[in-house]
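Spelled out, the chains give:
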Amino acid sequence: MSTTTASTPSVAARNLINGKWSDAGSVHESINPSTGDVVGTYVSAGRAEAEAAVAAARTAFDTTGWSRNASLRARALGELADRLAERVPAMGRTLARENGKLLQQTTWEASVSVDWLRYSAASALTQIAGRAGEPQPGTYFHSSPEAMGVAGIITPWNSPVALLVRALGPAIGAGCTAVVKMPGQTGLTNTLFAEAVAATESLPAGVVNILTEAGNEVAPFLVESSDVDVLSYTGSTHVGRAIAAAAARTLKRANLELGGKTPMIVFDDADLDVVVPQLVTSCILMNGQYCCTGSRVLAQRGIADELRTRLAAALEAVKVGPAEDPSSQLGPLIDKAGVARVDRIVEEAASYAKVIVRGGLVTDPEMAGGAFYRPSLVEVERLDVPLVQQEVFGPVQTFEVFDDEADAVHRANATEFGLAASVFTRDDIRARRVGRDLRFGGIWVNTWGVLSEHFEQGGFKQSGYGLLCGPAAITEFQNLKTYATAAPQLA
């Protein structure tokens, strides 16, 4: 690819189309949610840029040997990991300034993305074989996985690098080419990733195209275009349903990881010294803007009073502050509109639930420019209320009391979401028994939020379908072709 240096944050960050930097599109400001200050500007792509990027990806897939050269793909993914590794410090700082996650979290995100790319590089070499056999005399069958074609990848602003790599790595490893739509809130971070792509000499032009969009033209085009063969989207269930419906018109496969409402089930025998810090972390990590946020605490009645008291005190003690301040435990939400939305949800909850920790807007004068929100804890009994049924996307937890295993499972499963759940108990058999009955794609036992590139991630129910990470991820971007060969009959 072209190794032209991308824009610095002092000028507009640009898009990468067919191996070249593009200035086409409207210019927008990137705002630091910790301060309200302008971090820099970026060029937002529109329909014309989306068409050019898809055309480039289509040409690269149809006219080059990319999809048939596993060695090249593995080398390119390994080289991309190297180029990304060089940018980890800068990417961590830039992402903290753009989306408000704490600096240690954004730096971890950039670092783990390097590891995930290296895993995909290995998968490109090891997951190319099909099966062979002679199911009936004289007829030989073999199957062969083939890349689907052009992949459209739509990523959110809360973890734009990791959630991009989680889809891009398997797509490229499978032999697809890609058009990536990244969020406007992280325009400068997106360009740093595009720089890594541009500096990867093993990637042919057009194989990976990076677009940043502030509006709503690129994503719909990727969904509707007959030149895009497969989609990967991470985001809200509402948008995921719309994408699935629109993708059906061209019968393109869609991989969707959508919303979550993670129950944190705490049994009487759990060690609360271990549990309470985990519950707090699950509420405030990524500022509560995470599809696996531990938004529902389910406490067995025998320890409910103690857990309620300890959890409330711990949440009240959380230090809210700027993303780049090492002493901060909770950074800002993405913007002040998000603060107002979350605060309205908690205020309305007071009509049907008991507010234990009100949390709310930060009024300290030195942080007045930021989008800060202190964590809230609300006790609920009914399962049909908005705070139980809807994803908040902020540092808000509900507290619910249950009696036994059956009650815990019933309460945990009583939402449309099924992304992840945690079970805290000293009884391994109980953990297995409860985990079996929970309708969630990921179950954590005595922990929360632990992920690995070696094992699949995906949701049940309205949390989406398809798998990312692990050996199955690459198959989301492949078709399986079967050959049958009849052997000549000898006299």
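Residues numbered from 1 in each chain as written. Predicted model: local features only at pLDDT ≥ 70, side-chain atom pairs only at ≥ 80, totals over all residues. Heavy atoms only, no water.

Enquirer: Please explain the pairing of strand β5 (residues 132-136) as it appears in this structure.
Expert: Here is the key point about a regular strand: its side chains alternate between the two faces of the sheet. Taken together, the three bridges between β5 and strand β6 (residues 139-147) define a ladder with antiparallel strand orientation. Bridge assignment links A132 to a residue of β6, and that residue is H142. Hairpin remark: β5 followed by β6, antiparallel, with two residues in the connecting loop; positive phi at G138, about 85°. (Pairing = 2+ DSSP bridges. Helix = DSSP H or I, 4+ residues; strand = E, 2+ residues; numbered from the N terminus.)

Enquirer: Which parts of the structure should I look at to understand the packing of aromatic side chains?
Expert: Each aromatic ring pair is described using two quantities: the centre-to-centre distance and the angle formed by the ring planes. Taken as a whole, this structure holds four aromatic pairs when the rule is applied. Centre to centre, the rings of W157 and F393 are 5.8 Å apart; their planes meet at 85°, and the pair counts as edge-to-face. With W157 in the loop between β7 (150-154) and α5 (160-174) and F393 in the loop between α12 (386-389) and β18 (396-402), this residue pair connects regions lying 236 residues apart in the sequence. For W157, a relative accessible area of 18% translates into the label buried. Look at F393 and you get partly exposed, because its relative accessible area is 23%. Relative to F402, the ring of F267 has its centre 5.3 Å away and its plane inclined at 80°; by these criteria the two rings are edge-to-face. Here F267, found in the loop between β12 (263-266) and α9 (272-284), pairs with F402, found in strand β18; they are 135 residues apart in sequence, far enough to count as distant. For the pair F267 and F402, one class covers both residues: buried. Joined through ring pairs, the aromatic side chains of Y290, W444 and W448 make up one cluster. Here the basic side chain of K461 rests over the ring of F440, its NZ or CZ set 5.6 Å away from the ring centre. (Phe/Tyr/Trp six-rings, centres within 6.5 Å; stacked < 30°, edge-to-face > 60°. Buried < 20%, exposed > 50% of the residue type's maximum accessible area, 1.4 Å probe, protein only. Lys NZ or Arg CZ within 6 Å of the ring centre and 35° of its normal.)

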